[in-house]
Amino acid sequence: MLSRVRCREALIKESVGSWEPNIDLLEAFVEHWKGITHYYIENTDENTPAKKTDIPWRLKQMLDILVYEEKQQAAAGEAGPCLEYLLQHKVLETLCTLGKAEYPPGMRQQVFQFFSKVLAQVQHPLLHYLNVHRPVQKLLRLGGTIPGSLTEKEEVQFTTVLCSKIQQDPALLTYILEGKKNIGKKKASKESTTQSKEDYKHDGECSGAQASNTQLPAETKEPDGGIGESNLVTSLIGLCKSKKSRVALKAQENLLLLVSVASQAAATFLVQNSPCCSAVTQHLCQLYQSLPTFLDPADIASLEGISWRLPSAPSDEASFPGKDALAAFLGWFDYCDHLVMEAHSVVADSLAKTVAEKLFVEILQPQLLHVCEQRVLTATALLTAMLRQLRSPALLQEAVNFLLGTERRPEAPEDSPCTLCAHLIEHCNHLSDEISIATLRLFEELLQKPHEWIIHSLILRSLEGRFYVARGLSEPENYEDTLDLEEDPYFTDGFESGFQPSSKPPPGPSTNSDGKTAVTEIVNSFLCLVPEEAKTSAFLEETGYDTYVHDAYGLFQECSSRVAPWGWPLGLTPLDPHEPERPFFEGRFLQVLFDRMSRILDQPYSLNLQVTSVLSRLALFPHPHIHEYLLDPYINLAPGCRSLFSVLVRVIGDLMQRIQRVPQFPGKLLLVRKQLMGQVPGEQLDHQTLLQGVVVLEEFCKELAAIAFVKFPPHGPHLNLSPPP
């Protein structure tokens, strides 16, 4: 009671700004500490909770005294006697031992709170001292060993203080992770030489540490100094797994703060002396392996936008099996991506490489190459979902290297398809339509990423040198002669005007001063490609050409801004007329897409939509070679070469022959379009696949026309939304 009265008097005097002699503060501080240690000597009731004893109150008084003393010592800039007592008598070390014993019940919670408040409120640097960072390490290890403990809230507050201190002074990271025995010894010797002249004069009394050991159960000695792994990191990872969303979120924010240290030396130390990257990645792999063996790609796609900051709500009865596990995995992947994006470059590169090695190579790659179609389908859909969330440059680089490799030379037909990229491209032409659709979605997602190597690896390296253009030949008099279609009696019937080329050189803004005429010819070539008897969009207002122009303009602007930093040329590479022709190979990716496009009249509707969607994405890229090869109908192709337009022309030739064998073709085609738009109930018709393919073909040609129109508008850089005549 006497000590309580003294402390209250000290606090009252503090409130009125009076000065309390140091010896009185020290005496009160020592009395409170002895009151705590004597509790273990005198108390016999082991079931009384700590919060019902005077221990929390005494710890609060000790903290207030330390803070008040520091304010009084502010001018001197030195540690006061009470702080020196705390350090020299290993008060924190003893409290850590008491917290580990969890006696009285709830003592661990009190210890965490005291550590957090002392480190946060005392401004004097403390973590450099051996008698501070060693018990801090032990307390971290203590909290990290009990998943789902009752002290999670206090633990995360404790890590918040530590991460904030490390953010302010990155050099502290070495003390928290390794202990720095040699530095600690120097600090300890310094402490012994700075003992205040007004010491306790209690030579016959035992220290707090000795008193506390009187009636405590025996415990295993823990090694002094350094530890084999980062307790701070493992503690944070453990708290990130908490079932309490607030605790998990705060722990994730703390880990994010830790990896974003500004010092390169500290970041290097974190990578080399802690399990940070491996622990984060290990949890990611565990979440992936906890997913069901098979997941419907549609269910995976339904969880778009999963954010680590906003975890999804628990699934209801109507959700699909494995939804919670999938949400947890995608949420943690999003967090890993955010870590890589915000971390110091040293940590970011290391974490990205670890994720690529452990998740992409060791887990995903065997599943993508598996013989089981369900595993291939699920792995492909999951990889697409991950790409959709991926934002960090370092992790994107690893994903691109994993998927596409690093080969720079143009592909050749005789190349052995032994790489992962070659296998994935073959999956676009898989016997299973579901796998083909899922893989095409993967490539479409990949094409939207801001990485130049993606489009270079898939397309541009095959178009280098423009060997798809015939060398040393004059422009043919008739475009149909180039395509060898003069023998097709159905090809020119009724729409010759759509295919009559200009007598001028191949048109385009870069080669023709009359840009309006040139672009109009290109646009009309696509719009007039489908014969009138196979068109149905005129009967439906929603599918007008102007709608496609609006959509294409927005997508083209987005694509142009994404590729602007890549420094692509504005004009075509000049052809050397004396250079001998070389065999041209469009590359495996375009080869598969063209092959799929040539079968558009025989493939399922959903597959056709995906094939045309990928080709449209490719056509949007503002590279002159891509524009020429995919969007120029008048290109003078080298012998044996094909372009997108030539593929479409041959499809139209096939269509014209098939139309003759379908009774009531126009009516059935219009009915199918209405079914696809949901205007009439769906019912199976004869030639259903063919009719659906015609609908997709018509819309795809309008889409290509719109893309060509917005890439090179006839009236300059400003968009004119009026369709060409």
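1. A closer look at the overall build of the protein chain
Here's step 1: Check the secondary structure of the protein chain and you find 32 helices and 0 strands.
Here's step 2: The buried share among the 725 residues of the protein chain stands at 53%.
Here's step 3: In the protein chain, the share of contacts with a sequence separation of at least 24, taken over all contacts with a separation of at least 6, comes to 79%.
Here's step 4: Summing over all exposed atoms, the protein chain offers an accessible surface of approximately 32,600 Å²; the carbon and sulfur share of this is 51%.

2. A short note on the side chain of Ser462
Here's step 1: Within the secondary structure, Ser462 is located in helix 23 (residues 452-463).
Here's step 2: Residue classification places Ser462 among the buried positions, given a relative accessible area of 7%.

3. Some details on the pattern of salt bridges
Charged atoms that come close allow side chains of opposite charge to pair.
Here's step 1: A full pass over the atoms with the stated rule returns 23 salt bridges.
Here's step 2: The residue Glu407 makes a salt bridge to Arg409 at a minimum N-O spacing of 3.6 Å.
Here's step 3: It is possible to trace a salt-bridge network through shared partners that takes in Arg673, Glu698, Glu699 and Lys702.

4. Some points on the packing of aromatic side chains
Here's step 1: Using the criterion set out here, one finds 17 aromatic pairs in the structure.
Here's step 2: Both rings, one in Tyr40 and one in Tyr103, keep their centres 5.4 Å apart while their planes meet at 70 degrees; by these two values the pair is edge-to-face. Remark: Tyr103 occurs in the loop between helix 5 (91-101) and helix 6 (107-121) and Tyr40 occurs in helix 2 (residues 22-42); sequence separation between them is 63 residues. Pair check on accessibility: Tyr40 and Tyr103 agree, each one buried.
Here's step 3: An aromatic cluster is built from Tyr468, Phe584, Phe594 and Tyr629, whose rings are joined through pairwise contacts.

5. Brief notes about the nonpolar core
Here's step 1: Residues Leu95 and Leu359 are the most contacted members of the largest nonpolar core, which totals 219 residues.
Here's step 2: The leading source of residues in this core is helix 32 (residues 688-711), at 15 residues.
Here's step 3: Once you skip the residues sitting within four places of it in the chain, Leu359 turns out to touch Leu284, Cys285, Tyr288, Phe329, Thr354, Leu364 and Met386.

6. Some words on helix 15 (residues 276-289)
Here's step 1: Along its 14 residues, helix 15 runs 20 Å from first to last C-alpha, staying within 8% of the 20 Å computed at 1.5 Å per residue.
Here's step 2: Among the 14 residues in helix 15, 10 count as buried, and that is most of the element.
Here's step 3: Three or more residues of helix 15 are buried, namely Cys276, Cys277, Ala279, Val280, Thr281, His283, Leu284, Cys285, Leu287 and Tyr288.
Here's step 4: Where helix 15 is buried, its residues touch helix 12 (231-240), helix 13 (245-259), helix 14 (264-273), helix 17 (323-342), helix 18 (345-368) and helix 19 (373-389).

7. Quick word on unusual backbone geometry
Glycine aside, a negative phi is what most residues show, and trans is what most peptide bonds show.
Here's step 1: The amide bond that connects Tyr103 to the next residue, Pro104, takes the cis arrangement and shows omega of -5 degrees.
Here's step 2: Its place among the elements puts Pro104 in the loop between helix 5 and helix 6.
Here's step 3: One non-glycine residue, Glu102, lies in positive phi territory at about 55 degrees.
Here's step 4: Along the polypeptide, Glu102 turns up in the loop between helix 5 and helix 6.
Here's step 5: Within the chain, His687 stands out as a residue other than glycine whose phi angle is a positive 60 degrees.
Here's step 6: Examined against the element boundaries, His687 turns out to sit in the loop between helix 31 (665-676) and helix 32.
Here's step 7: In this structure His687 comes out as partly exposed when scored by relative accessible area, which is 39%.

8. Re the state of the cysteines
Here's step 1: For the structure on display, the rule yields 0 disulfides.
Here's step 2: You can see Cys240 has no disulfide; the closest cysteine sulfur is in Cys336, sitting 9.8 Å from it.
Here's step 3: Left unpaired, Cys285 is separated from the closest cysteine sulfur, that of Cys336, by 9.0 Å.

9. Here's the deal with the packing of helix 8 (residues 152-168) against helix 13
Here's step 1: Where helix 8 meets helix 13, the closest approach of the two axes is 9 Å, and the angle between their N-to-C directions is 15 degrees. Considering the angle they form, helix 8 stands roughly parallel to helix 13. Here helix 8 and helix 13 pass one another in a crossing that is left-handed. The residues of helix 13 that touch helix 8, namely those facing Glu152, Lys153, Val156, Thr159, Thr160, Cys163, Ser164, Ile166 and Gln167, are Val247, Lys250, Ala251, Asn254, Leu257 and Leu258.
Here's step 2: Residue composition of the contact of helix 8 with helix 13, grouped by class: 7 nonpolar, 5 polar and 3 charged.

10. Section: the confidence of the model for the protein chain
Here's step 1: When pLDDT is averaged across the protein chain, the result is 81; 78% of the residues are at 70 or more.
Here's step 2: Long-range and interchain partners of residues 179-228, a stretch whose pLDDT sits below 50, account for 72 contacts in this model, where long-range means more than four residues apart.
Here's step 3: Within the model, pLDDT remains below 50 along residues 513-517, and this stretch shows 3 contacts once partners closer than five positions in the same chain are excluded.

11. Quick look at helix 31
Here's step 1: With 12 residues, helix 31 extends 16 Å between its outermost C-alpha atoms, agreeing within 8% with the 16 Å of an ideal straight helix rising 1.5 Å per residue.
Here's step 2: Within the span of helix 31, buried status applies to Phe665, Lys668, Leu669, Leu670, Val672, Arg673 and Gln675.
Here's step 3: Considering only its buried residues, helix 31 is in contact with helix 30 (644-659) and helix 32.
Here's step 4: One or two residues past the end of helix 31 sits Gly678, with phi positive at roughly 75 degrees.

12. Digging into the environment of Leu442
Here's step 1: Note on placement: Leu442 falls in helix 22 (residues 433-447).
Here's step 2: Residue Leu442 is classed as buried on the basis of its relative accessible area of 1%.
Here's step 3: For the pair formed by Leu442 and Ala381, sequence separation is 61 residues and the distance between their alpha carbons is 7.3 Å.
Here's step 4: Discounting chain neighbours no more than four positions away, the residues touching Leu442 are Thr380, Leu383, Thr384, Leu387 and Leu424.

13. A short note on a negative patch on the surface
Here's step 1: A surface patch of like charges, here negative, comprises Asp296, Glu373, Asp433 and Glu434.
Here's step 2: Inspection of the secondary structure puts Asp296 in the loop between helix 15 and helix 16 (297-301).
Here's step 3: Accessibility expressed as a relative area gives 34% for Asp296, which makes it partly exposed.

14. Quick look at the environment of Val376
Here's step 1: Relative to the assigned elements, Val376 resides in helix 19.
Here's step 2: Sequence separation between Val376 and Pro366 is 10 residues, and the spatial gap between their C-alpha atoms is 9.0 Å.
Here's step 3: Every residue in contact with Val376, bar those within four places of it in the chain, is listed here: Gln367, Leu368, His370, His427 and Ile435.

About the thresholds
Residues numbered from 1 in each chain as written. Predicted model: local features only at pLDDT ≥ 70, side-chain atom pairs only at ≥ 80, totals over all residues. Heavy atoms only, no water. Helix = DSSP H or I, 4+ residues; strand = E, 2+ residues; numbered from the N terminus. Buried < 20%, exposed > 50% of the residue type's maximum accessible area, 1.4 Å probe, protein only. Contact = heavy atoms within 4.5 Å. Areas by Shrake-Rupley, 256 points an atom, 1.4 Å probe, with all protein chains shown as cover. Salt bridge = Lys/Arg side-chain N within 4 Å of Asp/Glu carboxyl O. Phe/Tyr/Trp six-rings, centres within 6.5 Å; stacked < 30°, edge-to-face > 60°. Core = buried A, V, L, I, M, F, W, Y, C linked by side-chain atoms within 4.5 Å. Expected span 1.5 Å × (residues − 1). Disulfide = S-S within 2.5 Å. Axes fitted to C-alpha atoms, helices over the stretch in contact; angles between N-to-C directions. Parallel < 35°, antiparallel > 145°, perpendicular 65-115°, else oblique. Left-handed = near helix turned anticlockwise from the far one by under 90°. Nonpolar A, V, L, I, M, F, W, Y, C, P; charged D, E, K, R; others polar. pLDDT = per-residue confidence, 0-100. Patch = residues over 30% accessible without salt bridge, like charges linked within 9 Å, V, L, I, M, F, W, Y side chains within 5 Å. Lys, Arg positive; Asp, Glu negative; His and termini not counted. Charge placed at Lys NZ, Arg CZ, Asp CG, Glu CD.

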